[in-house]
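Here's the letter readout for the chains.
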Amino acid sequence: MIAFLEGKLRVKSPEYVIVDVHGVGYHVQVSLSTFCGLPEIGQPVGLNVHTHVREDAILLYGFGTVAEKEMFLLLTGVNGVGPKLAIVILSGISPDELKQVVIRQDYIRLKNIPGVGKKIADRVMLELRDKVQGKQKEKTGALQPFTEAGNTFPDAFSALVNLGYRPAEAEKALKRMRETLGENPPLTDLLKGALKALS
């Protein structure tokens, strides 16, 4: 089982990355939170990894912090929450905020994330409450300082639509961010601002 990867970043997109480890490229799915912290293509990168084995595939999920990986594992332990939905949830909310949402039983905040309906929100609140409250410490260990690599408006739009936001609301949020941040802001700033506006 692969638990950690360190190598050169060869491909970078809001949905996945390819990490070159001694000439072997690993396809790793990531959340927007991890994507926003990635270095530029060609630079060294390290990711905490969860290996998900299915009957027809072996999938890798990568995380910039230990805390995000731990929350991913907690989420996938909830009935009805698979790895894909867990990544979507962590793209819309940080592990620390999700922890507080569960403790406060803030259903509205959780249901604002695309793909999370009432049933899933109920299960997350119920099944994670004791586990989250029982944790005394949340490890946040980022693997390395990340640098920004700016991108384009279409990439941010595509990422938001792939997460389940309606095209009209995604476009509206991104245009608002561009008005605030300028005509060609970095992709990270666009996504962070848009996700905040949409939450």
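Everything here concerns the structure above.
Residues numbered from 1 in each chain as written. Predicted model: local features only at pLDDT ≥ 70, side-chain atom pairs only at ≥ 80, totals over all residues. Heavy atoms only, no water.

Engineer: An account of the sheet that holds strand S4 (residues 44–53) is requested, with residue identities and associated values reported.
Structural biologist: In any sheet, the strands associate via hydrogen bonds between backbone groups, in a parallel or an antiparallel arrangement. As summarised here, the arrangement of the five strands in space is S1-S2-S3-S5-S4, forming a closed barrel in which the pairing is mixed. Between one strand axis and the next, the sheet turns by 55° as a mean value, whatever way the strands run. Two elements, strand S3 (residues 24–30) and strand S5 (residues 58–63), share three bridges in a ladder whose sense is parallel. The residue bridging Val30 from the neighbouring strand is Gly62, located in S5. Taken strand by strand, helix H2 (residues 66–76) contacts S4 and S5, and its axis lies near 10° from that of S4. Most of the contacts of helix H3 (residues 83–92) go to S5, to which it runs at about 15°, and overall it touches S3, S4 and S5. (Pairing = 2+ DSSP bridges. Helix = DSSP H or I, 4+ residues; strand = E, 2+ residues; numbered from the N terminus. Axes fitted to C-alpha atoms, helices over the stretch in contact; angles between N-to-C directions. Contact = heavy atoms within 4.5 Å.)

Engineer: Give a description of the side chain of Ser13 that names residues and reports values.
Structural biologist: Here Ser13 is to be found in the loop between strand S1 (4–12) and strand S2 (16–21). A relative accessible area of 13% means that Ser13 is categorised as buried. Sequence-distant contacts of Ser13, defined by excluding residues within four places in its chain, comprise Val30 and Phe35. (Buried < 20%, exposed > 50% of the residue type's maximum accessible area, 1.4 Å probe, protein only.)

Engineer: Help me get a handle on the packing of aromatic side chains, residues and values and all.
Structural biologist: Under the criterion given, the structure shown has two aromatic pairs. For the ring pair Phe63 and Phe72, a centre distance of 4.9 Å and an interplane angle of 50° mean the geometry is tilted. We classify Phe63 as buried; its relative accessible area is 0%. Judged by relative accessible area, Phe72 falls into the buried class, the value being 0%. Here a set of aromatic residues connected by ring pairs shows up, and it is made of Tyr61, Phe63 and Phe72. In this structure, Lys12 packs its charged tip against the face of Phe35, placed 5.5 Å from the ring centre. (Phe/Tyr/Trp six-rings, centres within 6.5 Å; stacked < 30°, edge-to-face > 60°. Lys NZ or Arg CZ within 6 Å of the ring centre and 35° of its normal.)

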